[in-house]
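Spelled out from the first residue to the last, the chains are:
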Amino acid sequence: MNPIIEVKNISKKYNITHQQGGYVALRDVLTNIAKSPFAFLKHKAKQAVGKAGKEEFWALKDINFTVEKGEAVGIIGANGAGKSTLLKILTGITPPTTGEIRMQGSVASLLEVGTGFHPELTGRENIFLNGAILGMAKKEINDKFNDIVKFSGVEKFIDTPVKRYSSGMYVRLAFSVAAHMEPDILLVDEVLAVGDAEFQKKCLGKMDEVTKQAGRTILFVSHNMGAIQKLCKKCILLDKGKIISAGQTQNVINDYLHSETGPTAAKEWPSITKAPGNDIVRLCAVRVKQEGRIIDAANIRLPVGIEMEYEVLKPGHVLIPNYHFYNEEGVYAFVVGDCDPLWQKKPRQKGRYTSTAWIPGNLLSEGILIVGAAISTMNPVIVHFYERDAVAFNVIDSFDGDSARGDYAGSIPGVVRPLLHWTTQFSDSGIKV
Amino acid sequence: MNGTKTTIIKPKKTFSWNDLKEIWQYKELLYFFTWRDLKVRYKQTVIGILWAIFQPFMTMVVFSIFFGKFAQMPSDGIPYPIFVYTGLLLWQFFSSALSETSNCLISNQAIITKVYFPRLILPISSVATKLVDFAIASVILVGLMAYYNYLPNLAGLLIIPLLLLITFMASVGLGLFLASINVKYRDVRYALPFFIQMLLFVTPVIYPASIAGKYSWILAMNPMTGVIKAARSAILGGAPINWELLAISGVTCFVLLVFGIIYFKKTERYFADIV
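Summing up its helical and strand segments, chain A has 9 helices and 19 strands in all. For chain A, with 433 residues in total, the buried portion stands at 46%. When contacts within chain A are restricted to residue pairs at least 6 apart in sequence, those whose partners lie at least 24 apart make up 70%. With an accessible surface of roughly 22100 Å², chain A has 54% of that area assigned to carbon and sulfur atoms.

Right, dumping it as structure tokens:
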């Protein structure tokens with residue numbers, strides 16, 4: 001039997017234009033022509049013969065893979081590896097530069113929940129609109145309407161404009177519509193990053209059910225290793241537009257975590273204009289340190305410092321650096337925000353700052369911990385940047401008997417392993433032998 | 001399971017007949033986009049759908065007072081309000097459809113970057129929305145005729161679908177160009193209202209085409225001239241329909257539409273990347 005998805009030699013090229021602003025103004029183009037007509041003509045002529053010195057960027061290069069019917073395949077990789085570009089090509093949103101993809105059966109994509117939701121329309125109206133945008137026929141939506149409403153749990157507010165919904169209700173309704181699509185192939189981007197934990201679980205369950213029982217094929221892009229592991233037997237690892245590993249999910253995830261491009265103990269952004277951030281603040285570097293040195297492997301008993309270097313470009317904003325810690329399975333360990341009273345409420349001046357969060361020794365569990373770095377402002381909440389997978393480090397216990405492990409040598413579950421203060425009282429029970 | 005349907009994704013060609021077939025497959029989405037635009041536009045407004053009438057009506061009143069009464073603009077022997085409103089109806093359909101079409105890609109960018117569907121659906125649904133407005137605003141014309149005891153030429157009404165078709169081609173054709181350029185150069189958004197305002201004065205809406213005398217060929221270059229002239233001749237009587245002028249308008253608009261579609265399809269592949 002033919003594979004249900006066949007991707008052959010797919011490449012995607014972008015031309016990078018060196019400009020700062022979002023879009024080009026026709027005015028600028030026209031003035032450039034007027035100012036130096038010869039340079040413009042020369043450039044056009046060069047373009048015509050294909051010698052122009054424009055910078056090319058291959059977001060994807062020679063991607064080949066096949067997916068069999070009923071398989072769930074995960075796609076992982078660092079930011080900018082080409083995951084989303086690949087998904088956008090598969091959905092047809094943007095065409096490839098070269099290559100060909102063949103897909104058997106109906107295809108639906110879920111790059112975002114609630115695409116096309118209009119805040120002024122009611123829940124009922126949005127179900128129909130969103131369903132139509134996702135490719136459902138009107139009759140199909142009519143048939144499934146009651147199920148959709150029930151799954152979402154917003155029955156009471158179905159005739160209220162969605163702008164009055166809480167964000168949780170909004171996401172639930174949006175996902176509910178998406179979950180009731182019945183395509184042969186479903187392409188899913190990081191959509192589960194939203195919603196509360198309980199609802200995420202419900203969604204994962206629904207997707208699992210879709211592949212296992214209904215025999216549908218899913219291609220799933222995610223940062224959530226836990227979700228990937230739960231859903232997908234197979235996995236593809238992308239890096240700089242190329243497939244560098246493919247096969248059993250656990251092996252591929254290990255490859256990712258141990259690859260050079262996977263998160264390491266230090267990451268720097270030398271060019272401030274290309275660094276994560278906005279006009280107010282940009283990230284320069286994130287480092288994992290122990291005893292003053294950058295370390296990949298941290299001694300479980302010693303404090304670990306996560307250092308963030310950032311440049312404040314606009315004065316007058318209160319900034320709160322924060323870190324998100326999660327483990328290899330994608331389980332969130334904890335989130336910490338800067339609570340140094342000196343800076344917590346104080347608008348910052350322009351300049352370079354370095355903030356370090358100290359994780360006490362004897363708190364973390366063994367294994368790889370991945371750190372996302374962000375800077376936010378409260379009231380109103382603005383996330384200036386959030387760099388997922390910024391750095392990672394391996395926590396190691398040297399079995400000396402003085403950590404929380406004691407003398408036990410087996411594997412210990414849990415994302416934290418604090419060394420607690422124990423007390424034991426002894427009283428003589430009086431039983432005589 | 002119908003395993004027969006195969007999707008093939010390849011580097012995009014400029015234009016193929018399959019594109020038109022695809023639009024037909026997506027006709028339900030076309031309906032939903034139109035429905036959404038109509039529904040959303042008048043939500044949370046006090047007079048709701050009456051806005052579709054209010055705008056052309058007030059324009060007509062102001063024009064009648066200043067151009068009809070004070071400036072004594074000739075109107076080929078027809079009561080000036082009826083004369084100007086007939087022109088305004090078609091003009092507003094054209095201008096609002098044009099500006100809506102030009103912005104349709106920008107205003108729907110959230111959807112364009114997340115879901116695939118034939119992009120041509122967006123401009124078509126924009127115009128369809130305006131067609132509904134046109135139909136509603138036409139009611140005023142009937143009222144005006146009753147008020148002035150003016151009996152229209154009923155047989156002339158038969159030509160209206162043809163005139164709407166020409167106007168449709170003109171606004172979509174030009175709109176497709178502008179929409180494609182608008183994705184890359186946002187200047188269009190600022191230049192267009194000004195451009196449309198200028199265009200109003202070189203279209204015989206306020207005045208009859210006959211006013212230009214021997215320079216009427218300048219007006220004839222504007223496709224809307226033929227349409228508005230024909231509408232007045234057909235419904236209000238007076239001069240016979242200038243079929244030659246109308247044919248030129250029709251052909252010009254058709255060519256405009258074809259080039260608009262080709263240009264749109266040619267640039268379509270970049271929309272999701274740069275919008």
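After presenting the structure, the write-up continues.
In this complex, chain B contributes 37 residues to the contact, which on the side of chain A involves 49 residues. Summed over both partners, the interface of chain B with chain A buries about 3700 Å², with 62% contributed by carbon and sulfur atoms. On the chain B side of the interface with chain A, the three residues burying the most area are Ile-9, Phe-32 and Lys-114 of chain B, jointly 18% of the side's total. One salt bridge in this structure joins Glu-125 of chain A and Lys-39 of chain B, with 2.9 Å as the shortest N-O distance. Here chain B is connected to chain A by 9 residue pairs in polar contact (both at pLDDT 80 or more). Those elements giving two or more residues to the side of chain B that touches chain A turn out to be β1 (6–9), α2 (27–41), α5 (109–112), α8 (187–201) and α11 (243–274) of chain B. No other element matches the 9 residues that α2 of chain B contributes to the side of chain B that touches chain A. Classifying every residue of the side of chain B that touches chain A gives 18 nonpolar, 5 polar and 14 charged. Sheet analysis places strand β4 (residues 98–104) of chain A next to β1 of chain B, joined by 4 bridges and oriented antiparallel. Each bridged residue has a counterpart across the sheet, and for Arg-102 of chain A the counterpart in β1 of chain B is Ile-8 of chain B.

Let us look at the nonpolar core. Membership of the largest hydrophobic core comes to 153 residues, with the highest contact counts inside it found for Leu-90, Ile-127 and Phe-220 of chain A together with Leu-105 of chain B. Here this core gets 15 residues from one element, more than from any other, and that element is helix α4 (residues 80–107) of chain B. Apart from the residues lying within four places of it in its own chain, the contact partners of Ile-127 of chain A are Ile-141, Phe-145, Ile-148, Val-149, Ile-158, Leu-173 and Val-177 of chain A. Counting 32 residues, the second largest nonpolar core, distinct from the first, contains Ala-275, Ile-280, Val-312 and Phe-325 of chain A.

Residue and element names in this part refer to chain B. Approximately 1600 Å³ is the volume found for the second largest pocket. The leading source of residues in the lining of the second largest pocket is helix α1 (residues 17–25), at 5 residues. Each residue belonging to the lining of the second largest pocket can be placed in one class, and the counts come to 21 nonpolar, 12 polar and 11 charged.

To continue, consider the environment of Pro-360 of chain A. Positionally, Pro-360 of chain A belongs in the loop between β17 (351–359) and β18 (367–377). Taking the C-alpha atoms as reference points, Pro-360 of chain A and Ala-373 of chain A, 13 residues apart in sequence, are found 18 Å from one another.

Quick look at the confidence of the model for chain B now. In low-pLDDT segments, the atomic positions of the prediction should not be examined closely. Counting all residues, the mean pLDDT for chain B is 87, and 96% of those residues have values of 70 or more. Overall fold confidence for the complex sits at a pTM of 0.72, while the interface term, ipTM, reaches 0.85.

As a further point, take the sheet that holds strand β9 (residues 242–248) of chain A. All names here are of chain A. Read from one edge of the open sheet, 6 strands run β5-β6-β7-β3-β8-β9, paired in mixed fashion. Where the open sheet ends on each side, the last strands, each with one partner, are β5 (107–110) and β9. On average, each strand axis in the sheet is inclined to that of its neighbour by 15°, with strand direction left out of account. With 4 bridges joining them, strand β6 (residues 185–188) and strand β7 (residues 217–221) adopt parallel strand pairing. Considered in β7, the bridge of Val-188 is made with Phe-220.

On to the sheet that holds strand β16 (residues 332–337) of chain A, then. Residues and elements named next belong to chain A. The strand order across the open sheet built from 5 strands is β13-β19-β18-β15-β16, with neighbouring strands paired in mixed fashion. Of all strands in the sheet, those bounded by a partner on one side alone are β13 (297–299) and β16. Across the sheet, the mean angle from the axis of one strand to that of its neighbour is 30°, orientation sign disregarded. The pairing of β18 with strand β19 (residues 382–396) spans 10 bridges and is antiparallel.

Calculation criteria
- Sequence order as written defines residue numbering, which begins from 1 separately in each chain.
- Starting at A for chains and at 1 for ligands, labels are handed out in the order in which the entities are written.
- Local features in this predicted model are restricted to residues whose pLDDT is 70 or higher, and side-chain atom pairs enter the listing and the counts only when it is 80 or higher, whereas totals over whole chains, interfaces and linings include all residues.
- As a convention, hydrogens and water are excluded, and side-chain values are obtained from all of the structure's heavy atoms.
- Every helix listed is a DSSP run of H or I at least four residues long, and every strand listed is a run of E at least two residues long, numbered separately from the N terminus.
- Type-normalised accessible area, obtained with a 1.4 Å probe on protein chains alone, sets the label of each residue: buried when under 20%, exposed when over 50%, and partly exposed for intermediate values.
- When checking whether two residues touch, look at their non-hydrogen atoms; a contact exists if any pair is within 4.5 Å.
- Method for areas: the Shrake-Rupley scheme with a 1.4 Å probe, in which residue coverage is limited to the protein chains shown.
- Buried area is a sum: the accessible area each of two parts loses on coming together, probed at 1.4 Å, counted once for each and added.
- What counts as a salt bridge is simple: a side-chain nitrogen of Lys or Arg found within 4 Å of a carboxyl oxygen of Asp or Glu.
- Under the rule applied, a polar contact is a pair of N or O atoms within 3.5 Å (in protein, one hydrogen donor and one hydrogen acceptor; residues adjacent in sequence only if both atoms are side-chain atoms).
- For this scheme, ten residues count as nonpolar: Ala, Val, Leu, Ile, Met, Phe, Trp, Tyr, Cys and Pro. Four count as charged, namely Asp, Glu, Lys and Arg, and the remainder, Gly too, count as polar.
- Should DSSP find at least two bridges between two strands, the strands are taken to pair.
- Among buried residues, the Ala, Val, Leu, Ile, Met, Phe, Trp, Tyr and Cys ones that are joined through side-chain atoms within 4.5 Å form a nonpolar core.
- Cavities and pockets were defined on a 1 Å grid built from protein atoms only: a cavity is a group of points that admits a 1.4 Å probe but offers it no way out, a pocket is an open group of points flanked by protein on both sides within 12 Å along at least five of seven lines, and a lining residue is one with an atom within 4 Å of any such point.
- Grid points are joined across faces, edges and corners, and a volume is the space filled by probe spheres set on the points.
- Scored between 0 and 100, pLDDT is the confidence that the predictor attaches to each residue.
- Comment: axis = line fitted to C-alpha atoms, over the contacting stretch for helices; angle = value between 0 and 180 degrees taken between N-to-C directions.

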